[in-house]
Amino acid sequence: MASYIAPGVQEQFETLSVDLKNTILERNVQIQNLQDLIQVLETIVAEGE
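Residues numbered from 1 in each chain as written. Predicted model: local features only at pLDDT ≥ 70, side-chain atom pairs only at ≥ 80, totals over all residues. Heavy atoms only, no water.

### Focus on the pattern of salt bridges
The final tally for this structure, using the stated rule, is two salt bridges. Residues Glu14 and Lys21 are paired through a salt bridge, measuring 3.0 Å at the closest nitrogen-oxygen approach. A salt bridge links Arg27 to Glu47, with the shortest nitrogen-to-oxygen separation between them at 2.5 Å. Here the residue Arg27 occupies a position in the loop between helix H2 (18-26) and strand S2 (30-31), and Glu47 occupies one in helix H3 (residues 34-48), the gap between them amounting to 20 residues. Look at Arg27 and you get partly exposed, because its relative accessible area is 29%. (Salt bridge = Lys/Arg side-chain N within 4 Å of Asp/Glu carboxyl O. Helix = DSSP H or I, 4+ residues; strand = E, 2+ residues; numbered from the N terminus. Buried < 20%, exposed > 50% of the residue type's maximum accessible area, 1.4 Å probe, protein only.)

Here's what the structure looks like:
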């Protein structure tokens, strides 16, 4: 399964660093809305703590 970033959140996704975008895309996630994006970011932060 490949990651999917919905057109409605693509603009916010593009503001992230290249490394962070790559980390998200490597997780094979489906980001349909801003809440999904926030949830993935929170997971990444929690794993880094």
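### A word on unusual backbone geometry
In this structure, Asn28 is a non-glycine residue whose phi angle is positive, near 55 degrees. As for its placement among the helices and strands, Asn28 is situated in the loop between H2 and S2. Under the relative-accessibility criterion, Asn28 is labelled partly exposed at 37%.

### Here we look at the environment of Tyr4
Looking at where Tyr4 falls in the secondary structure, it is placed in strand S1 (residues 4-5). By relative accessible area, Tyr4 is classed as partly exposed at 34%. C-alpha separation for the pair Tyr4 and Ile31, spaced 27 residues apart in sequence, amounts to 5.9 Å. Excluding residues within four positions of it along the chain, Tyr4 makes contact with Val29, Gln30, Ile31 and Gln32. (Contact = heavy atoms within 4.5 Å.)

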